[in-house]
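# Structure at a glance
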Amino acid sequence: MKKQTACPSIMKNVFHWGVCLAMVCAVWCGLSTGLRASTASWFTQAPGSPITLGGSQRVVVTGDFNGDGIPDMATLDTANNTVSILLGKGDGTFSQASGSPINLSSQEPGAACLVAGYFTGNGILDLAVGDWNAGAVTILLGNGDGTFTIGQTITFPNGHIQGLVAGDFTGNGKIDLATADWGNSAVEILLGNGDGTFTK
């Protein structure tokens, strides 16, 4: 008597899908390899890049800080508690703004996060900096020419600020802030007063 093999139809289907899976993997591997190869030619380094600032650059945000319609950059140096303002020239190159870098404080270095927003409603971009060690948020008010004036500092007892976002959370047209406070295991909301100051 002929020995019965295990369900030939099932084995056939398993083989069929195995072949299909192998083909899909082969196509995907080929595509991903091609994509990696092609993306290498999508970007070229701009003249003057990299821009050497020193310290420990942790965060970079973009915005038009001097009102010329060209994107600029603000970078956060967590080792020196400074913010550098790099003004765009429109050709991929940048130059440091007057008064840059901005020294945030003489406290132990710990600036950890940075966000840009219109905190005064005057159409000029401002900045807010979250400090891990100080447990504080410091406001930098834009002057419209790429320079900034240090404004209010809001502190959080036992706080360690490691994240910061800006948005109109109350719908009143004034920009508010939300912090990720590791020290207090909390998200804390700072309500904007529309004049560059905030209320806890």
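In short, a report on the structure. These figures come from a predicted structure and were not determined experimentally. (Residues numbered from 1 in each chain as written. Predicted model: local features only at pLDDT ≥ 70, side-chain atom pairs only at ≥ 80, totals over all residues. Heavy atoms only, no water.)

### With respect to the side chain of Asn-81
Looking at the secondary structure, you find Asn-81 in the loop between β2 (72–77) and β3 (82–88). For Asn-81, a relative accessible area of 1% puts it in the buried group. (Helix = DSSP H or I, 4+ residues; strand = E, 2+ residues; numbered from the N terminus. Buried < 20%, exposed > 50% of the residue type's maximum accessible area, 1.4 Å probe, protein only.)

### Some remarks on the side chain of Glu-188
Turning to its location among the elements, Glu-188 is positioned in strand β12 (residues 186–192). An unpaired buried charge is present at Glu-188: no salt bridge exists, and Lys-200, the closest side chain of opposite charge, is 6.8 Å distant. What Glu-188 contacts, discounting residues up to four positions off in sequence, is Phe-156, Ile-161, Leu-177, Ala-178, Thr-179 and Asp-181. (Lys, Arg positive; Asp, Glu negative; His and termini not counted. Salt bridge = Lys/Arg side-chain N within 4 Å of Asp/Glu carboxyl O. Contact = heavy atoms within 4.5 Å.)

### Some remarks on the environment of Tyr-118
With respect to the helices and strands, the residue Tyr-118 is situated in the loop between β6 (111–117) and β7 (126–131). The class for Tyr-118 is partly exposed, based on a relative accessible area of 44%. Tyr-118 sits 58 residues away from Asp-176 along the chain, and the two C-alpha atoms are 9.6 Å apart. Sequence-distant contacts of Tyr-118, defined by excluding residues within four places in its chain, comprise Gly-123, Ile-124, Leu-125, Asp-126 and Ile-175.

### Quick notes on the sheet that holds strand β11 (residues 176–181)
Pairing within the open sheet is antiparallel, and its four strands lie in the order β10-β11-β12-β13. Both outer strands of the open sheet, β10 (161–167) and β13 (198–199), are each paired with one neighbouring strand and no more. Sheet topology note: the β12/β13 ladder contains two bridges and is antiparallel. Its bridge partner being in β13, Leu-191 is matched across the sheet by Thr-199. (Pairing = 2+ DSSP bridges.)

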